[in-house]
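# Structure assessment
This is what each chain is made of:
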Amino acid sequence: MVDQEMLYAFLSQGKMDEVKKLTQKALQEGDSPEVILNQGLIPAMEKIGARFKNGDIYIPEVLIAARAMHAGMDVLKPILSKSNTPMAGKIVIGTVKGDLHDIGKNLVIMLLEGGGFEVVDLGVDVSSETFLRAVDQHHPHVVAMSALLTTTLPEMKKTIDALKQAGLKGRVKTLVGGAPVTEKFAREIGADGYAPDAASAVDKVKQFIADESH
Ligand code: B12
């Protein structure tokens, strides 16, 4: 059985090799990758996310924990993709056109991946056309957009409008975030959701997917 406490300790200290070894050990002892993910890595990363949200830890700690989590995920990924285990859901994400800030977006991605979601990262400076193409190609549950500049905020509306026009708005939920984004702004531009930080972004996506299956 995967040692949750030890895993959390290693993860929070960013000990990549130890996390990797612990993951391999759990596999050797007969734990399924799903169990290691759902009862080991994900809860440990959720704890990190919650501590970040509470202000107990800061961005660098989240980044080193996320990197250690990736080391564990790398061990599981080849087995998981073979066994076709359904991920919790798929998210297409990018920083909008004209905007190159990606630290916040990358944190959101790490916590989403930590939450068992499959994430397609379109990078920075992503146009509404590129978002649309990605929705067509990847059929995500959620399109998530990040913006850090007040001058690039209108790009979010542009993408949402483009999704509407293409008749895709009913098929995907839209989630927006970034320092200048507010709940009110999200409502005004017709986004389905807003989250102020990476941990709440995961909660929001979970909520979207739960609503969908009802
Ligand atoms: C780092 C930084 C840069 C770096 C970016 C490096 C990188 N790889 O990202 C560099 C140096 C390149 C940069 C450039 C510029 N920057 Co700058 N930058 C910052 C800075 C200092 C920190 C941003 C950051 O990473 N914060 C940390 C992350 C973790 O926080 P966050 O992004 O807000 O993300 C959190 C939440 O917002 C949320 N979130 C983020 N994305 C998403 C997405 C979704 C879907 C959800 C749900 C949630 C979510 O979750 C995250 C984690 O909790 C800010 C100042 C500040 N204090 O915010 C200025 C700031 C954003 N920059 C600013 C400016 C003006 C610029 C430049 C125009 C400067 C210039 N004259 O060249 C250029 C623009 C370049 C461009 N085209 O994008 C201004 C913006 C002003 C405004 N309101 O428009 C700021 C506010 C600084 C200031 N006070 O003037 N910048």
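So, a few notes on the structure that sits alongside this text. From a predicted model like this one, the values you see are computed outputs, not experimental measurements.

Within the protein, the regular secondary structure consists of 9 helices and 5 strands. In the protein, the succession of α and β elements from N to C terminus is α-α-α-α-β-α-β-α-β-α-β-α-β-α. Here the protein has a C-alpha radius of gyration of 17 Å; the compact-globule value for 214 residues is 17 Å, and the two agree. For the protein, the C-alpha atoms occupy an extent of roughly 50 × 35 × 30 Å along the three principal directions. Taken over 214 residues, the protein has a buried fraction of 47%. For the protein, the proportion of contacts with a sequence separation of at least 24, taken over those separated by at least 6, is 72%. Counting every atom, the protein has about 10500 Å² of accessible surface; 53% of that belongs to carbon and sulfur.

Moving on, we get to the pattern of salt bridges. Taken as a whole, this structure holds 8 salt bridges when the rule is applied. For lysine 105, the salt bridge goes to aspartate 121, with nearest N and O atoms at 3.0 Å. Of this pair, lysine 105 sits in helix H5 (residues 103-114) while aspartate 121 sits in strand E2 (residues 118-121), placing them 16 residues apart in sequence. Judged by relative accessible area, which is 2%, lysine 105 ranks as buried. Judged by relative accessible area, which is 40%, aspartate 121 ranks as partly exposed. The shortest N-O distance in the salt bridge between lysine 184 and glutamate 188 comes to 3.1 Å. Placement of the pair is lysine 184 and glutamate 188 together in helix H8 (residues 183-188), with a separation of 4 residues, close to one helical turn. Of the residues examined, glutamate 188 reaches a relative accessible area of 53% and is grouped as exposed.

One open sheet holds the 5 strands; their spatial order is E2-E1-E3-E4-E5, and the pairing between them is parallel. One side of each edge strand has no neighbouring strand; the edge strands of this open sheet are E2 and strand E5 (193-194). Of the strands in this sheet, strand E1 (90-95), E2 and strand E3 (142-146) are in contact with helix H6 (residues 128-138), which crosses E1 at around 165°.

This paragraph deals with the coordination of the cobalt atom of the ligand. Looking at the cobalt atom of the ligand, one finds just one donor atom contributed by the protein, His101 (NE2), at 2.3 Å. Counting through the fold element by element, histidine 101 comes out in the loop between E1 and H5.

Calculation criteria
Residues numbered from 1 in each chain as written. Predicted model: local features only at pLDDT ≥ 70, side-chain atom pairs only at ≥ 80, totals over all residues. Heavy atoms only, no water. Helix = DSSP H or I, 4+ residues; strand = E, 2+ residues; numbered from the N terminus. Rg over C-alpha atoms; globule rule 2.2 N^0.38 Å. Buried < 20%, exposed > 50% of the residue type's maximum accessible area, 1.4 Å probe, protein only. Contact = heavy atoms within 4.5 Å. Areas by Shrake-Rupley, 256 points an atom, 1.4 Å probe, with all protein chains shown as cover. Salt bridge = Lys/Arg side-chain N within 4 Å of Asp/Glu carboxyl O. Pairing = 2+ DSSP bridges. Axes fitted to C-alpha atoms, helices over the stretch in contact; angles between N-to-C directions. Donors = N, O, S within 2.8 Å, 3.2 Å for Na, K, Ca; no water.

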